[in-house]
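Coordinate inspection notes
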Amino acid sequence: QVRLVESGGGLVQPGGSLRLSCAASGLTLDYYVRGWFGQAPGKEREAVACVSSSDRSTSYADSVKGRFTISRDNTNNTMYLIMNSLKSEDTAVYYCATESDHIHCPRGREFEFRYWGQGTQVTVSS
């Protein structure tokens, strides 16, 4: 079965960095659109980073451009979100997700990802 398991969250000071991991099983990540989403307390879930399966192009939310990077390690079928220059407003539960019925990243709520991880908490505080 398909499973996505996030890890790497925790407490970090403003300006610090974290690397979130998403270990995938039951699918090869490179064949899927893959993304990271964040949901802050009391707010809607929003896409923060995405990679297209068609050309591996990436897209980022305006709020994280230049600070976050989505990547993948094919040796262990794991995707990552490298988070730098973290701000208090980055505090959220972060989810990884994959989608196979489309070949590009969604524009807004164009479509929903099929598979989701359980999420990992990131807290940015001094």
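Okay, so let's go over this structure. These numbers were taken from a predicted model, which means no experiment stands behind them.

**Brief notes about the pairing of strand 1 (residues 3-7)**
- Of the two faces of strand 1, the one lined by Leu4 and Glu6 is fully buried and the one lined by Arg3, Val5 and Ser7 carries no buried residue.
- The pairing of strand 1 with strand 3 (residues 18-25) spans five bridges and is classified as antiparallel. Its bridge partner lying in strand 3, Arg3 is registered against Ser25.

**Some words on unusual backbone geometry**
- A positive phi angle is found at Asn77, which is not glycine, with a value near 55°.
- If you trace the backbone, Asn77 turns up in the loop between strand 7 (68-73) and strand 8 (78-83).
- The buried category is assigned to Asn77, whose relative accessible area is 18%.
- Of note in this structure, Ser85 is not a glycine but carries a positive phi near 50°.
- With respect to the secondary-structure elements, Ser85 resides in the loop between strand 8 and strand 9 (92-99).

**Some details on the packing of aromatic side chains**
- A complete count under the given rule lists five aromatic pairs for this structure.
- Note on Phe37 and Phe113: the rings are 5.2 Å apart at their centroids and 80° apart in plane angle, and the pair reads as edge-to-face. With Phe37 in strand 4 (residues 33-39) and Phe113 in the loop between strand 9 and strand 10 (115-116), the pair connects residues that are 76 residues apart, well separated along the chain. For the pair shown, Phe37 and Phe113 are each scored as buried.
- Looking at Arg45, its charged tip hangs above the ring of Phe37, at a distance of 5.9 Å from the centre.
- Across from the ring centre of Trp116, 3.9 Å away, lies the NZ or CZ of Arg45, which sits over that ring.

**Overview of the layout of surface pockets**
- If you add up the space inside the largest pocket, you get close to 300 Å³.
- If you trace the largest pocket, you find it lined by Phe37, Glu44, Arg45, Glu46, Ala47, Pro106, Gly108, Arg109, Phe111, Glu112, Phe113 and Trp116.
- Residues of the lining of the largest pocket, tallied by class, amount to six nonpolar, one polar and five charged.
- By volume, the second largest pocket is sized at about 250 Å³.
- Ala40, Glu46, Ser63, Glu89 and Asp90 are the residues nearest the centre of the second largest pocket, which is lined by 17 residues in total.
- Of all the secondary-structure elements, those providing two or more residues to the lining of the second largest pocket are strand 4, strand 5 (46-51) and strand 9.
- Considering only residue class, the lining of the second largest pocket consists of six nonpolar, four polar and seven charged.

Cut-off values and rules
Residues numbered from 1 in each chain as written. Predicted model: local features only at pLDDT ≥ 70, side-chain atom pairs only at ≥ 80, totals over all residues. Heavy atoms only, no water. Buried < 20%, exposed > 50% of the residue type's maximum accessible area, 1.4 Å probe, protein only. Helix = DSSP H or I, 4+ residues; strand = E, 2+ residues; numbered from the N terminus. Pairing = 2+ DSSP bridges. Phe/Tyr/Trp six-rings, centres within 6.5 Å; stacked < 30°, edge-to-face > 60°. Lys NZ or Arg CZ within 6 Å of the ring centre and 35° of its normal. 1 Å grid on protein atoms, 1.4 Å probe; cavity = no way out; pocket = protein on both sides within 12 Å on 5 of 7 lines; lining within 4 Å. Points joined across faces, edges and corners; volume = space filled by probe spheres on them. Nonpolar A, V, L, I, M, F, W, Y, C, P; charged D, E, K, R; others polar.

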